[in-house]
Amino acid sequence: MTVQARFGGEVMNRLDLTKRLVAHLTHGEAIVGGIGNSNFDLMGAGHRPENFYMLGSMGMAVPIGLGIAVAQPDRRVFVLDGDGSLLMNLGCLPTVAQVAPKNLTIVVWDNSAYQITGKQATPTAEHTDLVTVARGAGIANAEWAKAEEHFEQLVERALHDDGPHFIGVRVDQAPGQARPERDPVILKDRFMRGIGVKAAQ
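Remember, predicted model here, so these are calculated numbers, not experimental data. (Residues numbered from 1 in each chain as written. Predicted model: local features only at pLDDT ≥ 70, side-chain atom pairs only at ≥ 80, totals over all residues. Heavy atoms only, no water.)

Engineer: Please explain helix α9 (residues 184–194) as it appears in this structure.
Structural biologist: Note that an α-helix has 3.6 residues per turn; residues three or four places apart therefore point the same way. The complete set of buried residues in α9 reads L187, D189, F191 and G194. In this fold, the buried residues of α9 make contact with β1 (30–33), β2 (51–53) and α4 (61–71). The N-capping residue of α9, defined by a side-chain oxygen 2.9 Å from the backbone nitrogen of V185, is D183. G196 sits one or two residues past α9 and shows a positive phi near 80°. (Buried < 20%, exposed > 50% of the residue type's maximum accessible area, 1.4 Å probe, protein only. Helix = DSSP H or I, 4+ residues; strand = E, 2+ residues; numbered from the N terminus. Contact = heavy atoms within 4.5 Å. Polar contact = N/O pair within 3.5 Å; in protein donor to acceptor, adjacent residues only side chain to side chain.)

See the structure below:
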C-alpha cells in the first residue's frame, strides 16, 4: 500500500482549493506561490497585489515566506508549494520551527510527481509523508486536509490561531490554469507595493 493510500485525505483539485483559500483572505494576507503550478493556479484564482509569484527558485518558497513573516509579523503569510519543491529544501522546515513565526502557514500541494518536468514520481508516491516530516521538524500544527471543507477549516484555523501551520493536501495532476508575467523585476516591484514596502504609484 502506498503513502497515497495510507496518508492524507481525498485527492482534490489544486485550482479549486486555491480559490477557496483566496476567498478567506480579507485582510491583506500575503501569498508566496512556489514555482510552476503552485503559482500558475494562484494567478488563475485571481491576481491580488499581495501575491508573489516565484520564478525558477525551486525549494525557496518557504524561506521567502519565512522572511516575509518575520519582517511583517502583523500580516498573515501563506506559502503554496509543491511536494517536489519542498523535498528539494527540507532543511527549511526545522528553521521555520526554530524561528516559530506565529503568522506563517505552509500549504503543500502533494501530487506525488515532478509534474512540469515529465511527471516523474517524487518520494511521496511511495515512502515520504510530508506532514510527518513537518511534525518531526518541530511544526506541531501540521495536518493533512481530508476534504475540501476540512481544508477550509484548516485555513480558518491558520488565520485565527498562532502558527506556524503546515497543511498537507493531496491533489491531482491537472495542469496550471494561468501564467504570471515572466519579468522578475515587475513581479518583485508589484509585490513590494502590495505589502506596503514601496509606496503605491
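Engineer: Can you walk me through the packing of aromatic side chains in this structure?
Structural biologist: We describe a pair of aromatic rings using the distance from one ring centre to the other and the angle between the two ring planes. Applying the stated rule across the entire model yields 2 aromatic pairs. Considering the side-chain rings of F52 and F191, the 5.3 Å spacing of their centres and the 50° angle between planes classify their relative orientation as tilted. Note that F52 is positioned in strand β2 and F191 in helix α9, a separation of 139 residues in sequence. Each of the two residues, F52 as well as F191, counts as buried. Residues W109 and F151 carry aromatic rings whose centres are separated by 5.9 Å and whose planes lie at 40° to one another, so their mutual orientation is tilted. One end of the pair, W109, is in strand β4 (residues 104–110); the other, F151, is in helix α8 (residues 148–160), with 42 residues separating them in the sequence. Taking NZ or CZ as reference, R179 lies 3.7 Å from the ring centre of F40, over its face. (Phe/Tyr/Trp six-rings, centres within 6.5 Å; stacked < 30°, edge-to-face > 60°. Lys NZ or Arg CZ within 6 Å of the ring centre and 35° of its normal.)

Treat this as a map of the structure, not an account of what it does.
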